[in-house]
Amino acid sequence: MADGIRIPDELKPVDGRFGSGPSKVRPEGAEALAAVSRTYLGTSHRQRTVKDQVARLRRGVAEFFSAPDGYEVILSNGGTSAFWDTAAFGLVRDKAQFAEFGEFGAKFAKAVADAPFLAEPTVHRAPGGQAAFLRAEAGVDVYASVHNETSTGVAVPVRRVAGADPGALLLTDATSGGGSLDVDVSETDVYYLAPQKALGSDGGIWLALMSPAAIERAFEVKGTGRYIPQFLDLVTAIEQSRLEQTYNTPALATVFLAAEQLDWMNAQGGLAWAAKRSAESAAALYGWADRSDYATPFVTDPALRSNAVATIDFADGVDAAALAKVLRANDIVDTEPYRKLGRNQLRIALYPTVDPSDVEALTTCIDYVVPRL
Ligand SMILES: *Cc1c(COP(=O)(O)O)cnc(C)c1O
């Protein structure tokens, strides 16, 4: 009975959390939060104590991503999903173009396609495991792509669209890639993410590094008088962020944990350090899969294989769902694949919070379990 397989403790990772989001939160972060449980938690988000943490978070993001001159860190509530609607209402002037190669890219494209006040967007699609790319097109005022497609484990470089109309904006969904993958933020106008992935915090807010052109666009679109729901008003988010606040009540624990994590990553060496650490974990996992008789990286083009989230296919004789179940019973959790992808695979987060030696240990555990299934 597979459920009865017990992995020897000495083979197990120190921390068994490999989920792609919510992902591992460092125990040190949780302890720091506990230390402020009486002075910070349960206090007003309109007062100094909380505003100082919002400020620390915004500074931390700007430093970590080496925000170019004039770029601002904007945040609000509702996670990345809320940002998509915010951008549909507040950044797209008329026509957008999308590179869609997974579930997350598809959701933003749908938000814009469904907006009755916007033109039908152009969508370049690629099947799961491959990448689609943006192409210059006259009349497009917003281009949108995904740095790391969390549903498939495909990562693409962040690059401006050559030949785009002057003033056209590029929006990059960095929800899972941001913090694990190298980036030159000056190559995009909005690099947006949520803190429950590589930032090792909890969910509920979105964060966006916005270029001066993107900020200007938000004011321009609002100035047209278009109906914009209050909660999704990007100009409000910009103005509130500048005051170290949010439109409505944020999750204070999320803000604190994200600020704590950014301070930690910045102290380790910032994005260069984080990207290197994720790359190390990726090398361990893909290297193991390449050597394995029954595991192969799902993404066939090595150049597209993500260092943030890895997807590993298993041979027909190995039931990946059963494997994930045994791992879970042994406290190695959230290795299940993205549900709608429907592959016989495991999906492993390689965010900088995850220790590369724990990824090594995970491969050892898989090799222990598979012959016993
Ligand atoms: C997780 C994820 C999202 C959704 O984030 P929420 O904060 O849950 O809305 C969007 N895009 C990508 C690439 C993601 O990985």
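Presented here is an overview of the structure given in this document.

Scoring rules and cut-offs
- Residues numbered from 1 in each chain as written.
- Predicted model: local features only at pLDDT ≥ 70, side-chain atom pairs only at ≥ 80, totals over all residues.
- Heavy atoms only, no water.
- Phe/Tyr/Trp six-rings, centres within 6.5 Å; stacked < 30°, edge-to-face > 60°.
- Helix = DSSP H or I, 4+ residues; strand = E, 2+ residues; numbered from the N terminus.
- Buried < 20%, exposed > 50% of the residue type's maximum accessible area, 1.4 Å probe, protein only.
- Lys NZ or Arg CZ within 6 Å of the ring centre and 35° of its normal.
- Near = heavy atom within 4 Å.
- Polar contact = N/O pair within 3.5 Å; in protein donor to acceptor, adjacent residues only side chain to side chain.
- Areas by Shrake-Rupley, 256 points an atom, 1.4 Å probe, with all protein chains shown as cover.
- Nonpolar A, V, L, I, M, F, W, Y, C, P; charged D, E, K, R; others polar.

1. Some points on the packing of aromatic side chains
Two numbers describe a pair of aromatic rings. These are the distance of the centres and the angle of the planes.
Now for step 1: Within the structure shown, the criterion is met by 13 aromatic pairs.
Now for step 2: Measuring from centroid to centroid gives 5.5 Å for Y40 and F256, while their planes differ by 45°, and the two rings are tilted. Placement of the pair is Y40 in the loop between α1 (27-35) and α2 (48-64) and F256 in helix α7 (residues 252-268), with a sequence separation of 216 residues.
Now for step 3: On the basis of relative accessibility, which here comes to 2%, the residue Y40 falls in the buried class.
Now for step 4: One aromatic cluster in this structure is built from F83, W84, F98, F108, Y192 and W206.
Now for step 5: Note that R26 overlies the ring of W264, its terminal NZ or CZ placed 3.7 Å from the centroid.
Now for step 6: Here the basic side chain of R339 rests over the ring of Y338, its NZ or CZ set 5.3 Å away from the ring centre.

2. Digging into the site of the ligand
Now for step 1: The ligand sits among 13 residues. The nearest are S81, T150, D173, Q196 and K197.
Now for step 2: Between the ligand and Q196 there is a distance of 2.9 Å, counted from an oxygen atom to a side-chain nitrogen or oxygen.
Now for step 3: Take K197: an N or O atom from its side chain is 2.7 Å from an oxygen atom of the ligand.
Now for step 4: In isolation the ligand has 380 Å² of accessible area, and contact with the protein removes 87% of it.
Now for step 5: It is helix α3 (residues 79-90) that contributes the most residues to the shell around the ligand, four residues altogether.
Now for step 6: Residue classes in the shell around the ligand are distributed as three nonpolar, eight polar and two charged.

3. Focus on unusual backbone geometry
Now for step 1: The peptide bond linking G21 to P22 adopts the cis configuration, its omega dihedral lying at -5°.
Now for step 2: Structurally, P22 can be placed in the segment before α1.
Now for step 3: With a phi angle near 70°, D331 is a residue other than glycine that sits in the positive phi range.
Now for step 4: Along the chain, D331 falls in the loop between α9 (320-329) and β12 (345-349).
Now for step 5: On the accessibility criterion, D331 (58% relative accessible area) is exposed.
Now for step 6: Its identity as a non-glycine residue notwithstanding, D334 has a phi of 65°, on the positive side.
Now for step 7: Summarising the element assignment, D334 is placed in the loop between α9 and β12.

So far we have only geometry, and geometry alone does not tell us how the molecule works.
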